[in-house]
Amino acid sequence: MAALAPADSGTLAPADATAAQAERPRVLVEDHLEPIVRIPADLLRCVIAAVEIALLVGLALLASQTASGVDVDVVNAGHRLPGAVLHLIGDLGSLALWVLPVAIFIRFALLRQFRKLIEAVLTGGAAVGVIVLANLVLSLPALSHLHAVLHTTATGASHGATLDGPLAGLFAYVTVIGLRSHAHWRPAFLTAIVFYGLTMLVNHHITVMSLLITIAAGSAIGSGLRYALGTNTSRPTATDIAVALGTPREPISSMRRVGNGGSEVRRYAATSADGQRLDVTVFDRDQQGADAFYRLYRRVLVKTYVSRSAPLTLEAAVERQALLIYATEDAGVQTPRLRAATRVGPDAMALATSHLDGTTLAESGPATTDDQLRSVWDTVLRLHAHRVTHRALTADRIMLVGDGHGEVALLDPGNGDVAATDLQFRLDLVQLIAQTALLVGSDRAASVAIEKVGPAALPDLVPLLQPVALFRSTRAALRRRKDILADLRKRLLAAAPEGPVPPVQLERISARRLVTMIAGVFAAYVLAGQLADVSFPKLLARVNPGWTVIALALSAVTYLGATLALSGFVLERLRLVRTFLVQVAGSFVVLVTPPAVGGVALNVRYLRKAELSAADAAASVGVTQVMSFLVYAILVLISATVAGTTSTAARVLTPPKWAYIAIAALVFVVLVILALPAGRRQLVSRVSSLAGRVIPRLVDVAQRPAKLASGIGGSLLTSAAYILCLAASLQAVGESHVPLASVAVVYLTASAIGSIMPIPGGIGAVEGAMSIALGAAGVPYGTAISAVLLFRTVTFWLPAPIGWLALHSLQRRDAL
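Small disclaimer: the values here were computed from a predicted structure and weren't measured.

Asker: Would you mind going over the overall build of the chain with me for this structure?
Answerer: Within the chain, the regular secondary structure consists of 33 helices and 12 strands. Burial status across the chain gives 45% buried among its 816 residues. Taking the contacts inside the chain whose residues are at least 6 apart along the sequence as the reference set, 76% of them involve residues at least 24 apart.

This is the structure we're talking about:
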């Protein structure tokens with residue numbers, strides 16, 4: 001609601017102060033200043049402290065001897081001090097840690113900041129509780145090694161807790177209070193902490209690692225709760241801003257809050273006493289850390305010239321804005337004129353620019369004419385001629401001034417560059433192309449772009465049409481219209497001169513490769529855990545080398561079968577070697593994804609890269625999966641029939657009691673889904689969608705007998721090779737009496753269990769099922785474990801690193 005508020009502060013010269021007091025301007029204020037704000041820097045400090053804790057724990061586990069050596073060095077250094085000095089330091093530190101919190105409490109109570117005091121006390125108590133819980137967790141047997149590193153074991157030590165709860169509570173308390181604006185308190189607090197920590201270390205009450213983790217934990221809890229609860233704002237009001245910007249001759253008469261200003265700024269529409277309209281942007285210091293995590297992600301993901309680094313200080317942010325406004329004006333490009341830049345209190349700065357009347361491209365939308373687009377291009381190219389870029393050419397920052405047929409103004413140029421490079425010019429242009437394509441369509445946007453830059457410049461622009469090179473809001477819009485960039489590339493390449501268009505690598509590391517690296521680390525960790533208790537010398541000593549080689553060969557045959565199966569159900573011609581490498585790469589993918597997910601996604605992506613449409617790729621992989629299931633079912637029936645009369649097979653086919661419970665639970669879930677209308681609709685939709693893709697493709701394949709034979713034969717070869725590989729593994733460990741039909745039942749049963757389990761590679765489920773089934777078939781448990789381990793090694797663990805290499809090779813060739 002608008003209200004009349006007297007201006008009570010300003011930045012007038014002393015000579016004018018008396019006159020200002022005599023006749024204070026009255027400002028019409030319409031604002032919604034939040035009384036409690038969340039400061040992004042608090043969240044950033046919380047995350048940094050949590051990372052520090054993780055690093056300290058990792059260092060304690062990996063370098064326990066080094067940590068112990070540091071403790072010894074600190075203790076020895078402390079003992080060199082005179083005893084009286086050491087006792088004095090300890091007494092002063094302990095006394096200060098009790099006196100300072102009380103003094104801070106009294107200080108803030110006198111300032112009547114009772115909410116902050118209550119939050120600080122409760123946060124300190126919460127930190128103590130968290131540390132007590134952490135000490136209980138550290139006492140568990142599973143964490144005995146970490147406990148031994150963090151907990152002092154010196155003779156005569158009296159500090160029983162591993163982490164210091166009161167110290168963590170004190171740090172959380174001080175963090176919530178905040179000592180940044182109380183410079184005289186901070187040195188005293190830090191000195192007290194140093195004295196206290198040194199005394200505790202010398203007296204063997206705590207270790208260096210536990211002291212650092214305690215401090216980081218208190219900081220993390222304090223910062224996290226401070227961010228969650230919010231902080232009383234010290235931001236200047238609209239009246240304060242009006243007085244700071246106004247002068248005795250040109251006072252500000254009204255201030256109205258507009259928009260949300262993004263995450264870092266506030267925006268106001270101001271009017272001076274003589275009727276001039278101004279646009280005011282306020283930069284608050286407490287919001288300078290906004291989007292810090294996104295910026296860090298961008299700095300890691302893309303190269304420096306693509307990612308814009310944010311100014312580190314409030315003053316630098318305002319200076320950058322002012323510099324780009326002046327540079328844009330000097331280039332002869334219209335932009336709101338800078339009227340004032342001033343500080344508003346200790347924690348804010350304001351910029352005032354002239355208000356421009358016009359229509360932005362966001363408001364004009366598809367009605368924007370080609371002549372208007374040409375005017376926009378002329379304006380941007382004129383800016384570039386003076387070595388200046390904008391770097392945020394979004395629809396709401398491009399304005400058609402006046403009636404829309406004249407000059408174009410570029411708003412908010414503060415993201416740009418001065419003394420820009422040619423690459424930065426091209427990044428500006430591809431942003432403009434993509435943004436105009438979102439407004440008026442790919443064809444019109446591409447036609448105007450070709451007309452303005454000429455065909456000769458297109459080979460340098462097309463490779464930069466990547467989402468990562470575009471402004472954040474433009475990328476978000478393109479995610480909803482995925483065809484825009486593809487259409488633009490096609491249209492621009494058609495107009496470009498003949499010749500190669502070299503790709504441009506804008507990313508330091510792609511998200512896909514980052515996920516692959518993380519998955520590789522995870523897979524290595526899982527592999528190490530699986531094989532930690534295995535004695536390979538004993539295993540290798542008892543296996544038959546000849547049968548092991550046969551098992552390896554049969555494992556390789558499975559990838560040949562998968563290659564034939566996929567090629568058979570794809571009507572288009574695929575490269576045999578590349579398809580084989582994709583199947584090998586699948587051995588790594590299933591290591592870090594559930595079996596029923598990773599392989600399917602990998603094959604679909606490969607077929608899309610092989611220039612199949614999304615529908616054809618999904619249909620081909622769907623047919624492959626359906627036919628593999630049918631072959632699997634036929635093999636189960638044949639194996640069960642052939643071996644069903646033997647007692648061995650009967651024992652293998654008898655499921656354990658938990659299997660009946662699992663089947664009953666599965667049936668219950670299916671019945672519940674079918675009982676609900678939404679569940680039935682979803683099931684019918686999925687089945688009909690699958691059938692609509694698979695059946696037509698299967699009919700097309702059936703008309704080509706060679707393709708059909710390749711697909712079915714490949715599926716059969718894959719399953720048969722796995723069965724024979726398990727049989728060869730049994731032979732390699734000296735177990736030869738298990739019939740082949742029973743081996744087939746064991747493999748098919750374990751494979752089914754591994755496929756339905758939402759576990760990467762079915763790890764644990766396959767091994768357990770195979771071991772139990774082989775034990776039921778009369779194979780000694782130790783022998784069964786050895787055979788299963790050998791089988792999984794040659795079919796799963798050994799191909800995984802080879803698959804990782806194949807995956808990277810295919811990615812480098814842009815085949816995935």
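Additional details are given in the paragraphs that follow.
Asker: Is there a simple way to explain the environment of Arg339 in this structure?
Answerer: With respect to the helices and strands, the residue Arg339 is situated in strand E8 (residues 338–343). Looking at Arg339, the relative accessible area reads 35%, which means it is partly exposed. Along the backbone, Arg339 and Ala352 are 13 residues apart, and their C-alpha atoms lie at a distance of 5.4 Å. Discounting residues that sit within four places of it in the chain, Arg339 has contacts with Glu250, Gln276, Leu278, Ala352, Thr353 and Ser354.

Asker: Sorry if this is basic, but what is going on with the sheet that holds strand E10 (residues 358–360) here?
Answerer: Through backbone hydrogen bonds, the strands of a sheet pair up, either in parallel or in antiparallel fashion. Strand order in the open sheet formed by 3 strands is E10-E11-E12, with antiparallel pairing between adjacent strands. A strand with exactly one partner marks an edge of an open sheet, and here the two such strands are E10 and strand E12 (408–410). Between one strand axis and the next, the sheet turns through 30° on average, direction left out of account. By the bridge criterion, 3 bridges tie E10 to strand E11 (residues 398–401) in an arrangement that is antiparallel. Residue pairing across strands places Gly358 opposite Val401, the latter belonging to E11.

Asker: Any chance you could explain empty space enclosed by the protein here in plain terms?
Answerer: Using a probe with the size of a water molecule, rolled over the atoms, empty space left in the structure can be pinpointed. Taken as a whole and assessed by the stated rule, the structure comprises 1 cavity of 30 Å³ or more. Roughly 50 Å³ of volume is contained in the largest cavity. In this structure, the largest cavity is lined by Arg115, Lys116, Glu119, Val176, Arg226, Gly230, Thr231 and Asn232. Only helix H5 (114–138) and strand E4 (231–232) provide two or more residues apiece to the lining of the largest cavity. Element by element, the count of residues in the lining of the largest cavity is highest for H5, at 3 residues.

Asker: Sorry if this is basic, but what is going on with the nonpolar core here?
Answerer: Within soluble globular proteins, side chains that are nonpolar generally end up buried alongside one another. Counting 52 residues, the largest nonpolar core has Val376, Ile398, Leu488 and Leu492 as the members making the most contacts within it. Considering each element in turn, this core owes the most residues, 11 residues, to helix H15 (residues 422–440). Among the nonpolar cores identified, the runner-up in size contains 32 residues, and Val543, Tyr722, Leu774 and Val779 belong to it.

Criteria and cut-off values
- Residues numbered from 1 in each chain as written.
- Predicted model: local features only at pLDDT ≥ 70, side-chain atom pairs only at ≥ 80, totals over all residues.
- Heavy atoms only, no water.
- Helix = DSSP H or I, 4+ residues; strand = E, 2+ residues; numbered from the N terminus.
- Buried < 20%, exposed > 50% of the residue type's maximum accessible area, 1.4 Å probe, protein only.
- Contact = heavy atoms within 4.5 Å.
- Pairing = 2+ DSSP bridges.
- Axes fitted to C-alpha atoms, helices over the stretch in contact; angles between N-to-C directions.
- 1 Å grid on protein atoms, 1.4 Å probe; cavity = no way out; pocket = protein on both sides within 12 Å on 5 of 7 lines; lining within 4 Å.
- Points joined across faces, edges and corners; volume = space filled by probe spheres on them.
- Core = buried A, V, L, I, M, F, W, Y, C linked by side-chain atoms within 4.5 Å.

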